[in-house]
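Residues per chain, in single letters:
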Amino acid sequence: MQKSVRLKSFELVARDINDVDVELLHALSISVRWPHRPKDWDLLRRAGHGIVAVDGIGRVFGSAMWFPQGDDFATIGLVITTPRAQAQGGGRWLMDQVLEQCGNRNLALNATHAAYSLYVSLGFTSEAIVYMRQGEIPQTLPAMPAVDGELNELPRDRLGEITALDTRALGTNRAELLALLAEDASIATLSRNGAVVGYSMCREFGRGFVIGPTVARNDQDAVHLTAVHAKKLAGRFVRVDTRERNGVFAEFLQQSGLEVAETVTTMSKGRRFLNREDGGPWVYGLAGHALS
């Protein structure tokens, strides 16, 4: 694989993302108006692998990361290129590097409108739309039906209680990622008849907080698992990424001040990524744009 590329008037070299100053990565995300703080970049670097495109004097022109989840699956994210590099094929070159590193894994990603055609050309197929909702949580949340079950806070040393549920919802085991996210997250569970039927995490991210991942069996459960965090964040900026366009859960988010700011497209390469099971657990809130 080509470890460097000449783009008309300048040459870029691929460097491991861990060898690049996080402040340069932060500047890159700011340049495309992405909200990632240096702390967010550091967490993502711990969760996955990646490369950065730099020129001869160390300027950063792009990045791309991949996140192994189990032995045969990975998500791809943080694919960022400056306009100059993008116009000259830098995005495809970065993706070629990442795809080589991923090997034979099944893959999924969330494509921005600008990158969608690139991913189609690389063999990815569309599966769903992600609605990136965000806004300031009001002082009073909308009315909700009585909770069916018991809501509790989950200590970080008991993550095993939600791992099987998460694996069933996502179709792959991401226990290591959940443990990493849990280091700085609050975790809520919903139990019925002594069994955990849903969970949610909330952590600082970007301009405020992100609620996700959220796994539940129905809209009503997802509402309560989201509200348990949201009610503590009145007046704060919150983001929820969801594939739910309509229904009780989407309406709750809308009424809670979380407007759709942007949409991206979930795409896969290899096996189909999203496989919803009737009555089974489902990922109502994503862990993040790059993490699914």
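Above: the structure in question.
From a predicted model like this one, the values you see are computed outputs, not experimental measurements.

Caption draft 1: Region of the structure containing the side chain of R192. Relative to the helices and strands, R192 is located in strand 9 (residues 185-192). Within the structure, R192 has its side chain in polar contact with the backbone oxygen of D148 (distance 2.6 Å).

Caption draft 2: Inspection of the environment of G56 at higher detail. By secondary structure assignment, the location of G56 is in the loop between strand 3 (49-54) and strand 4 (60-68). Relative accessible area serves as the criterion here: at 80%, G56 is assigned to the exposed category.

Caption draft 3: Here's a closer look at the packing of helix 8 (residues 219-230) against helix 9 (residues 248-255). For the pair helix 8 and helix 9, interaxial distance at closest approach is 8 Å and the crossing angle is 30 degrees. Relative to helix 9, the element helix 8 is oriented roughly parallel. Contacts between helix 8 and helix 9 involve D219, Q220, A222, V223, T226 and A227 from the former and V248, F249, F252 and L253 from the latter. Its residues assigned to classes, the contact of helix 8 with helix 9 shows 7 nonpolar, 2 polar and 1 charged.

Caption draft 4: Seen up close, helix 9. When helix 9 is considered as a whole, its buried residues turn out to be F249, A250, F252 and L253. The buried residues of helix 9 occupy an angular sector of 160 degrees when projected down its axis, which confines them to one face. Elements that come into contact with the buried residues of helix 9 comprise strand 7 (125-136), helix 8, strand 12 (237-242) and strand 14 (282-285). Immediately downstream of helix 9, the backbone of G257 shows phi near 90 degrees, a positive value.

Caption draft 5: Structural detail: the packing of aromatic side chains. Using the criterion set out here, one finds 3 aromatic pairs in the structure. On the basis of an interplanar angle of 65 degrees and a centroid distance of 6.0 Å, the ring pair of Y119 and F124 is categorised as edge-to-face. As far as burial versus exposure is concerned, Y119 and F124 are alike and both buried. Between the aromatic rings of F249 and Y284, the centroid separation amounts to 5.4 Å while the plane-to-plane angle is 75 degrees, which identifies the pairing as edge-to-face. In this pair, F249 is assigned in helix 9 and Y284 in strand 14, connecting sequence segments 35 residues apart. Here the two residues F249 and Y284 agree in accessibility, since each one is buried. The residue whose ring lies beneath R207 is F237, and the NZ or CZ to ring-centre distance is 3.8 Å. Seen from the ring of F124, K269 lies directly overhead, with NZ or CZ sitting 5.9 Å from the centre.

Scoring rules and cut-offs
Residues numbered from 1 in each chain as written. Predicted model: local features only at pLDDT ≥ 70, side-chain atom pairs only at ≥ 80, totals over all residues. Heavy atoms only, no water. Helix = DSSP H or I, 4+ residues; strand = E, 2+ residues; numbered from the N terminus. Polar contact = N/O pair within 3.5 Å; in protein donor to acceptor, adjacent residues only side chain to side chain. Buried < 20%, exposed > 50% of the residue type's maximum accessible area, 1.4 Å probe, protein only. Axes fitted to C-alpha atoms, helices over the stretch in contact; angles between N-to-C directions. Parallel < 35°, antiparallel > 145°, perpendicular 65-115°, else oblique. Contact = heavy atoms within 4.5 Å. Nonpolar A, V, L, I, M, F, W, Y, C, P; charged D, E, K, R; others polar. Arc of directions from axis to C-beta. Phe/Tyr/Trp six-rings, centres within 6.5 Å; stacked < 30°, edge-to-face > 60°. Lys NZ or Arg CZ within 6 Å of the ring centre and 35° of its normal.

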